[in-house]
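# Observations on the model geometry
Given next are the chains, with one letter for each unit.
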Amino acid sequence: MLDANGVVNKIHVENLKKNFGSLEVLKDISLDIREGEVVVVIGPSGSGKSTLLRCFNRLEEATAGKIVVDGIDITDRKVNINKVRENIGMVFQHFNLFNNMNILDNMTLAPTQLNKCSKDEAVAKAKAMLERVGLIDKADSYPSQLSGGQKQRVAIARALCMEPDIMLFDEPTSALDPEMVGEVLKVMKDLTQGGMTMVIVTHEMGFAREVADRVIFMDGGYIVEQGTPEEVLLNPKEARTIDFLDKVL
Amino acid sequence: MLTALGRTLLLALLGLFFACIIGLFFGMLSVLKNRACNIISQVFVDVIRGVPMIVLAFFIYFGVPYLFNTIIGGFNITLTALQAGTACLALNCGAYMSEIIRAGIQSVDKGQMEAARSLGLSYGKAMKKVVLPQAIRTMIPSIINQFIITLKDTSILSVIGFPELVNTAKNVQANTFMAFQTWAIVGVMYLIVITILSRSAKLLERRLNVGR
């Protein structure tokens, strides 16, 4: 979808609302994310960051409003969401590797099941991805035999095996021991250099400053402030942003 | 007596086979995100669990044909004791299986389904490839337990005249008056079959735990 300036918008959100029962988690969100943009979403817990991210691939159904991904309105119930999701990789806080399969099977399941490529090609691609995240020796291991940092690197590699255009990261380092955060952030940083459109929910402010094209601060179901990392993280204008950054930095 | 044991096993196997189908069907209904499906499954389980099996056996064997032949009229249904017994076991065991399957599926972390769906897999594929294989591991002990209970419950069906082990033993005792020997043999027969069943279940469990 092109905006007024002729820029390609990968994700277009219009007046998005999301309720869980009587609880309003997202109140009125409008947002455009350009192709190749790296957007980092920060904010206190309960501010709706993760819910917003999960709306982008319809893991949560929007209560009202519109979300257009790659030109497809995913709030339209007739849309084949599975097809859209093939182009959106997602990485979860708790890794969610399939415990009943070894690492290689974890990575080849979706490409082969969805006929993206032959079994041989899927295995070759999976191995190349494992090479890239430095875990080729774990191909035959099971998730339970890996450390948290290794699991998350595999989870990222697994998502990349589908060759998505967009990657969503839902607090990818929050469940990790501190010494394992670095290895995961490094893999993510490499990804930003490849021109991937990325939306990252995180509490890693240093990482946000380093890689983000834009930082979005959310609170109470609204986007309170957004801009370059320098603008939002170093010179915040809103009182709530200042208050939040005071607490976390 | 050995043919009677054979008939007990036949009845149990038929019952378990249909119980698995019924259990999987209602178990899946109970985990779907659909109120109506959940309620149908819950009502089924509640009704079957709330009625003693002996009552269910009489109801199916005598009550159901009477309903169609006399109350509604125009039918001429007669159920054999094997048919009625199989139906009774299948319904009874199926209801418990449905609960085991529901609990098994719900015990799998929600993130597993979410991760599979986020890769583009359909609900059915995600269920089949990711969730069910993990659920089955946790379900196996309960399912085997239910199989054993069902095998023993076949003895209740002696009341509708199916010549399984207990019914046959009653006749043997009436003819020979050797009450002690008769019932000791029956007891040992059940014991042997069930021991074999639970031992092989242990083996299977260990096999499935590879990679955990």
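Up top is the structure.
Residues numbered from 1 in each chain as written. Chains lettered and ligands numbered in written order. Predicted model: local features only at pLDDT ≥ 70, side-chain atom pairs only at ≥ 80, totals over all residues. Heavy atoms only, no water.

Moving on to the overall build of chain B. Along its length, chain B carries 8 helices and 0 strands. Overall, chain B is about 70 × 50 × 25 Å in size when its C-alpha atoms are taken along their principal axes. Among the 212 residues that make up chain B, the fraction classed as buried is 43%. Sequence separation of at least 24 residues holds for 74% of the intrachain contacts in chain B that already meet a minimum separation of 6. Within chain B, one finds 18 positive and 7 negative side-chain charges whose respective centroids are separated by 7 Å. (Helix = DSSP H or I, 4+ residues; strand = E, 2+ residues; numbered from the N terminus. Buried < 20%, exposed > 50% of the residue type's maximum accessible area, 1.4 Å probe, protein only. Contact = heavy atoms within 4.5 Å. Lys, Arg positive; Asp, Glu negative; His and termini not counted. Charge placed at Lys NZ, Arg CZ, Asp CG, Glu CD.)

With that settled, the discussion passes to the packing of aromatic side chains. Aromatic rings considered in pairs are described by the distance between their centres and by the relative angle of their planes. On inspection of all chains with the given rule, the structure shows 7 aromatic pairs over all chains. Taking the centre distance of 5.2 Å and the plane angle of 75 degrees together, the rings of phenylalanine 17 of chain B and phenylalanine 18 of chain B count as edge-to-face. Aromatic ring contacts, followed pair by pair, group Phe25, Phe26 and Phe44 of chain B into a single cluster. Above the plane of the ring of phenylalanine 98 of chain A lies arginine 158 of chain A, whose end atom (NZ or CZ) is 4.3 Å from the centre. (Phe/Tyr/Trp six-rings, centres within 6.5 Å; stacked < 30°, edge-to-face > 60°. Lys NZ or Arg CZ within 6 Å of the ring centre and 35° of its normal.)

Residue position: arginine 206 of chain B is located in helix H8 (residues 179-208). Sequence separation of arginine 206 of chain B and lysine 33 of chain B is 173 residues, and the distance between their C-alpha atoms is 33 Å.

All names here are of chain A. The strand order across the open sheet built from 6 strands is S6-S7-S8-S3-S9-S10, with neighbouring strands paired in mixed fashion. Each edge of the sheet is formed by a strand with only one pairing partner; in this case those strands are strand S6 (88-91) and strand S10 (222-227). Each strand axis lies, on average, 15 degrees off the axis of its neighbour in the sheet, ignoring direction. Summarising the sheet, strand S3 (residues 38-42) and strand S8 (residues 197-201) pair through 4 bridges and their orientation is parallel. Pairing of valine 39 across the sheet is with valine 199, part of S8. Sheet strands in contact with helix H6 (residues 178-193) are S3, strand S7 (166-170) and S8, and its direction is about 150 degrees off that of S8. (Pairing = 2+ DSSP bridges. Axes fitted to C-alpha atoms, helices over the stretch in contact; angles between N-to-C directions.)

This part is about empty space enclosed by the protein. The tally for this structure, following the rule as stated, stands at 1 cavity of 30 Å³ or more. Its volume calculated, the largest cavity comes out at about 30 Å³. What lines the largest cavity is simply Met90, Phe92, Ala155, Arg158 and Ala159 of chain A together with Ala115, Ser118 and Leu119 of chain B. Its residues assigned to classes, the lining of the largest cavity shows 6 nonpolar, 1 polar and 1 charged. (1 Å grid on protein atoms, 1.4 Å probe; cavity = no way out; pocket = protein on both sides within 12 Å on 5 of 7 lines; lining within 4 Å. Points joined across faces, edges and corners; volume = space filled by probe spheres on them. Nonpolar A, V, L, I, M, F, W, Y, C, P; charged D, E, K, R; others polar.)

This next bit is on the interface of chain B and chain A. In this assembly, 20 residues from chain B lie in contact with 25 residues from chain A. Summing both sides of the interface, chain B and chain A together bury roughly 1,900 Å²; the carbon and sulfur share of this comes to 56%. Three residues stand out in chain B for area buried against chain A, namely Glu114, Ser118 and Leu119 of chain B, and they jointly supply 31% of the buried area on that side. Joining chain B to chain A, the criterion identifies 1 salt bridge. (Buried area = accessible area lost by both parts, 1.4 Å probe. Salt bridge = Lys/Arg side-chain N within 4 Å of Asp/Glu carboxyl O.)

Regular strands place their side chains on alternate faces of the sheet. Residues and elements named next belong to chain A. Taken together, the 5 bridges between strand S9 (residues 214-219) and S10 define a ladder with antiparallel strand orientation. Note that in S10 the partner of isoleucine 216 across the bridge is glutamine 226. Connecting the antiparallel pair S9 and S10 is a turn made up of 2 residues, with glycine 220 showing a positive phi of about 60 degrees.

Attention shifts here to the environment of alanine 95 of chain B. With respect to the helices and strands, the residue alanine 95 of chain B is situated in helix H4 (residues 81-107). Judged by its relative accessible area of 0%, alanine 95 of chain B falls in the buried class.

Okay, the sheet that holds strand S1 (residues 9-20) of chain A next. If you walk across this open sheet you meet the 4 strands as S2-S1-S4-S5 (chain A), and the pairing is antiparallel. Lying at the two open borders of the sheet, with one neighbouring strand each, are strand S2 (23-34) and strand S5 (72-73) of chain A.

What follows concerns the packing of helix H1 (residues 2-31) of chain B against H8 of chain B. All names here are of chain B. Interaxial distance between H1 and H8 falls to 12 Å at its minimum, and their mutual angle equals 45 degrees. By the angle between their axes, H1 is oblique relative to H8. For the crossing formed where H1 meets H8, the hand is right-handed. Contacts from Leu2, Leu5, Thr8 and Leu9 of H1 reach H8 at Met189, Tyr190 and Val193. Considering only residue class, the contact of H1 with H8 consists of 6 nonpolar, 1 polar and no charged. (Parallel < 35°, antiparallel > 145°, perpendicular 65-115°, else oblique. Left-handed = near helix turned anticlockwise from the far one by under 90°.)

All names here are of chain B. The volume enclosed by the largest pocket comes to roughly 890 Å³. What lines the largest pocket is a set of 24 residues, among which Lys33, Lys110, Met113, Arg117 and Tyr123 lie closest to the centre. Looking at the lining of the largest pocket residue by residue, the classes come out as 10 nonpolar, 3 polar and 11 charged. Looking at the second largest pocket, its volume works out to about 170 Å³. Around the second largest pocket, the lining residues are Cys20, Leu24, Met97, Ile101, Leu132, Ile136, Met139, Ile143 and Phe147. Residues that form the lining of the second largest pocket fall into these classes: 9 nonpolar, no polar and no charged.

A side chain with one charge can pair with a side chain of the opposite charge if their charged atoms come near. Residues and elements named next belong to chain A. Taken as a whole and judged by the stated rule, the model has 18 salt bridges over all chains. Of the charged contacts, one joins lysine 10 and aspartate 165 as a salt bridge, the two residues approaching to 3.4 Å between their closest N and O atoms. Linking lysine 10 in strand S1 with aspartate 165 in the loop between helix H5 (148-160) and S7, this pair joins segments that are 155 residues apart in sequence. The salt bridge involving glutamate 183 is made with arginine 153; its shortest N-O contact spans 2.3 Å. Of this pair, glutamate 183 sits in helix H6 while arginine 153 sits in helix H5, placing them 30 residues apart in sequence. Classification of glutamate 183 as partly exposed rests on a relative accessible area of 26%. Put simply, Lys10, Glu35, Asp70 and Asp165 are held in one network by salt bridges that share partners.

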